[in-house]
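Each chain is listed here by its residues.
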Amino acid sequence: MNKERIALAFSGGLDTTVILKWLEEHYNADVITVTGDLGQQKELIGVEAKAHQLGAAGVYILDLKEEFAKEYIFPALKSGALYEGSYPMATALGRPLLAKVLAEVARLEHCTAVAHGCTGKGNDQIRFEAGIAALAPDVKVIAPVREWEFRSREEEIAYCERRGITVSATKASPYSIDENMWGTSIECGALEDPRIEPPADAYQRTVAPELAPDVATSVQIEFKHGEPIALDGEKLSPVELIQALNALAGANGIGRLDLVENRLVGIKSREIYEAPAALTLHFALRELERLTLDKATSHYKAKIALDYADLIYNGLWFTPLRTAFDAFVSDVMKPVTGFVTVKLFKGSLTVQERWSPNSLYDLSLASYTELDKFDHAASEGFSKIYSLPIKTYAKVNGEVGNPHGVGSKVFEAFAQTLLQH
Ligand code: ARG
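These notes cover the structure that comes with them. Keep in mind it's a predicted model, so treat the numbers as computed, not measured.

**Digging into a nonpolar patch on the surface**
The grouping of Y361, L363 and L371 at the surface amounts to a nonpolar patch, some 320 Å² of accessible area in total. Position of L363 among the secondary structure elements: in helix α12 (residues 363–366).

What follows is the structure in structure tokens.
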């Protein structure tokens, strides 16, 4: 019988280690591992050797940092996509790219299936599978964690030991951590009780705001068409810029989020996040948009941002709706060029300076000094016509939206005094 060939999304952790062996046994398969470098701080060194040791039929370690920054992170940043208004979606943005390279390796290696280590309770299984559905609809997806027999970490370790696989003796973290250059997602352990403040050791890459320096740090962020291109005047690649800002903002206690969120699979979960660069860039870009976008476009873009965030979170990256959103956002961002200087201080972000060659801020219109050129007289007609529909309504229906009537309290008091006389 021909052996099945399966491309496995491989992190090198316990779950995907067990999966590799388990797939060989249960599917009589050759397993090809695929590991993506999305700029995680945790070194990928050792993953390659490990995959070989485990007997992988092929090992792919792919540097995806630049593609991730340019083609996944920046479109999401420009759209203003923050899930449920807060989460910049490091995990949710990483999954479609991993799904894409998994599909590519599957094609290259003539695999009939791909496999991932996601559980049945999370969003990530959906993101992987929707991505594979879009890019390799003919390829089967196997999710061993959803179907296998192990109920605990200990059982997985015992399985490895029976097969002579040494699992590193490092004490297991109580947390489940997913990380890349756009942020870190941390759940489980003490975090499962939303009433409890996150223990200090849950945070991986930021300084606690109360322990951050007592002196503020300023950073000037330059944008071109809505994409960040320089810090303090120094031009940087997307990856360099994100990494530099992670260090700078993280040292000032910026980037922590403690959220209860609505998962796609219907569960409310409590998760904490650290995304220093992401939150700083979203903040700065929004300030530049305030200066450069007209009111109607800016307000409409804010609505799109909600839908775009849902789309990313819900795993629908490879869809016609996303590319249409991107076309809209890219067009809208053409004038969003300039810089914003942000002050980083003990976990808070404030604007220190904003400038754009395309600024729509007109002092001769805004000023209350002798510079004022605004046509005050024109407002009389504008205000009259603007109020006309409601005036017409009020004439027919009486006072609108004020159940007590204009001056009713005053009138009652007056009537009382008349009665007394
Ligand atoms: N809740 C986040 C999301 O669905 C992160 C999920 C991964 N988190 C983790 N700790 N493994 O995007």
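**As for the site of the ligand**
Taken together, 14 residues lie near the ligand, and Y87, N123, S176, E261 and E271 sit nearest. Here an oxygen atom of the ligand and a side-chain polar atom of R127 are 3.0 Å apart. One of the backbone N or O atoms of S176 is found 2.8 Å from a nitrogen atom in the ligand. Calculation on the ligand without its partners gives an accessible area of 350 Å², and the protein chains cover 92% of this total. Looking at the shell around the ligand, the elements that each hand over two or more residues are α4 (90–108), α5 (124–135), β6 (176–180), β7 (183–187) and β12 (268–274). Residues belonging to the shell around the ligand are distributed by class as follows: 4 nonpolar, 4 polar and 6 charged.

**Some words on the sheet that holds strand β10 (residues 234–235)**
Backbone hydrogen bonds are what pair the strands of a sheet, in a parallel or an antiparallel way. In spatial order, the strands read β10-β9-β8-β13-β14; together these 5 strands make up an open sheet with antiparallel pairing. Each having just a single partner strand, β10 and β14 (348–355) make up the two edges of the open sheet. The pairing of strand β8 (residues 217–224) with strand β13 (residues 338–345) spans 7 bridges and is classified as antiparallel. Across the sheet, I221 pairs through a bridge with V340, a residue of β13.

**So, the pairing of β8**
Inspection of the sheet shows β8 paired to strand β9 (residues 227–231) by 4 bridges, in the antiparallel sense. From the neighbouring strand, F223 faces β9, where its bridge partner is P228. Count of turn residues in the β8/β9 antiparallel hairpin: 2 residues, of which H225 carries a positive phi of about 50 degrees.

**Comments concerning helix α9 (residues 276–292)**
Residues that lie three or four places apart on an α-helix share one face, since the helix turns once every 3.6 residues. Relative to the 24 Å expected for 17 residues at 1.5 Å per residue, α9 spans 25 Å between its end C-alpha atoms, a close match to the ideal helical length. Burial within α9 is extensive, with 15 of its 17 residues counted as buried.

**Digging into the environment of S298**
By the element assignment, S298 lies in helix α10 (residues 295–313). Expressed as a C-alpha distance, the spacing of S298 and V332, which sit 34 residues apart in the sequence, is 8.7 Å.

**Re the packing of aromatic side chains**
Inspection of every chain in the model, using the stated rule, returns 14 aromatic pairs. Taking the centre distance of 3.6 Å and the plane angle of 5 degrees together, the rings of Y83 and Y313 count as stacked. Note that Y83 is positioned in the loop between α3 (65–79) and α4 and Y313 in helix α10, a separation of 230 residues in sequence. Judged by relative accessible area, Y83 falls into the buried class, the value being 7%. One aromatic cluster is present, built from ring pairs that chain together W22, Y27, W148, F150 and Y159. Sitting over the ring of Y313, R127 keeps its end group 4.9 Å from the ring centre.

**Concerning the sheet that holds β7**
Pairing within the open sheet is antiparallel, and its 4 strands lie in the order β6-β7-β12-β11. At either margin of the open sheet sits one strand with a lone partner, and together these are β6 and β11 (256–262). Across this sheet, the average inter-strand angle for adjacent strands is 25 degrees, counted without regard to direction. With 3 bridges joining them, β7 and β12 adopt antiparallel strand pairing. Bridged to S185 within β12 is Y273. Contacts between α4 and the sheet are confined to β6 and β7, with β6 contributing the most and set at about 70 degrees to the helix.

**Focus on unusual backbone geometry**
Even without a glycine there, the phi angle at E84 is positive, about 50 degrees. In this structure, E84 sits in the loop between α3 and α4. The phi angle at C188 is positive, at roughly 75 degrees, despite the residue not being glycine. Among the secondary structure elements, C188 is positioned in the loop between β7 and β8.

**Quick look at the pattern of salt bridges**
This model, assessed by the stated rule, comprises 26 salt bridges. Across the pair E109 and R5 runs a salt bridge, and its minimum N-O distance is 2.6 Å. Of this pair, E109 sits in the loop between α4 and β4 (113–115) while R5 sits in strand β1 (residues 4–9); the two residues are 104 residues apart in sequence, bridging distant segments of the chain. We classify E109 as buried; its relative accessible area is 17%. The class of R5 is partly exposed, set by a relative accessible area of 24%. Between K334 and D331 there is a salt bridge whose closest N-O contact spans 2.6 Å. Residue classification places D331 among the partly exposed positions, given a relative accessible area of 46%.

**What about the layout of surface pockets?**
Space inside the second largest pocket adds up to approximately 420 Å³. Lining of the second largest pocket is provided by 19 residues; of these, G80, R286, E289, A302 and A305 occupy positions nearest its centre. Those elements that place two or more of their residues in the lining of the second largest pocket are α3, α9 and α10. Residues of the lining of the second largest pocket, tallied by class, amount to 8 nonpolar, 5 polar and 6 charged.

**Observations concerning the pairing of β13**
On a regular strand, one side chain projects to one face of the sheet and the next to the other, so that they alternate. The buried count for β13 comes to 6 of 8 residues, which makes it a mostly enclosed element. The pairing of β13 with β14 spans 7 bridges and is antiparallel. Counterpart to K343 in the pairing with β14 is T350.

What counts, and where the lines are drawn
- Residues numbered from 1 in each chain as written.
- Predicted model: local features only at pLDDT ≥ 70, side-chain atom pairs only at ≥ 80, totals over all residues.
- Heavy atoms only, no water.
- Patch = residues over 30% accessible without salt bridge, like charges linked within 9 Å, V, L, I, M, F, W, Y side chains within 5 Å.
- Areas by Shrake-Rupley, 256 points an atom, 1.4 Å probe, with all protein chains shown as cover.
- Salt bridge = Lys/Arg side-chain N within 4 Å of Asp/Glu carboxyl O.
- Helix = DSSP H or I, 4+ residues; strand = E, 2+ residues; numbered from the N terminus.
- Near = heavy atom within 4 Å.
- Polar contact = N/O pair within 3.5 Å; in protein donor to acceptor, adjacent residues only side chain to side chain.
- Nonpolar A, V, L, I, M, F, W, Y, C, P; charged D, E, K, R; others polar.
- Pairing = 2+ DSSP bridges.
- Expected span 1.5 Å × (residues − 1).
- Buried < 20%, exposed > 50% of the residue type's maximum accessible area, 1.4 Å probe, protein only.
- Phe/Tyr/Trp six-rings, centres within 6.5 Å; stacked < 30°, edge-to-face > 60°.
- Lys NZ or Arg CZ within 6 Å of the ring centre and 35° of its normal.
- Axes fitted to C-alpha atoms, helices over the stretch in contact; angles between N-to-C directions.
- Contact = heavy atoms within 4.5 Å.
- 1 Å grid on protein atoms, 1.4 Å probe; cavity = no way out; pocket = protein on both sides within 12 Å on 5 of 7 lines; lining within 4 Å.
- Points joined across faces, edges and corners; volume = space filled by probe spheres on them.

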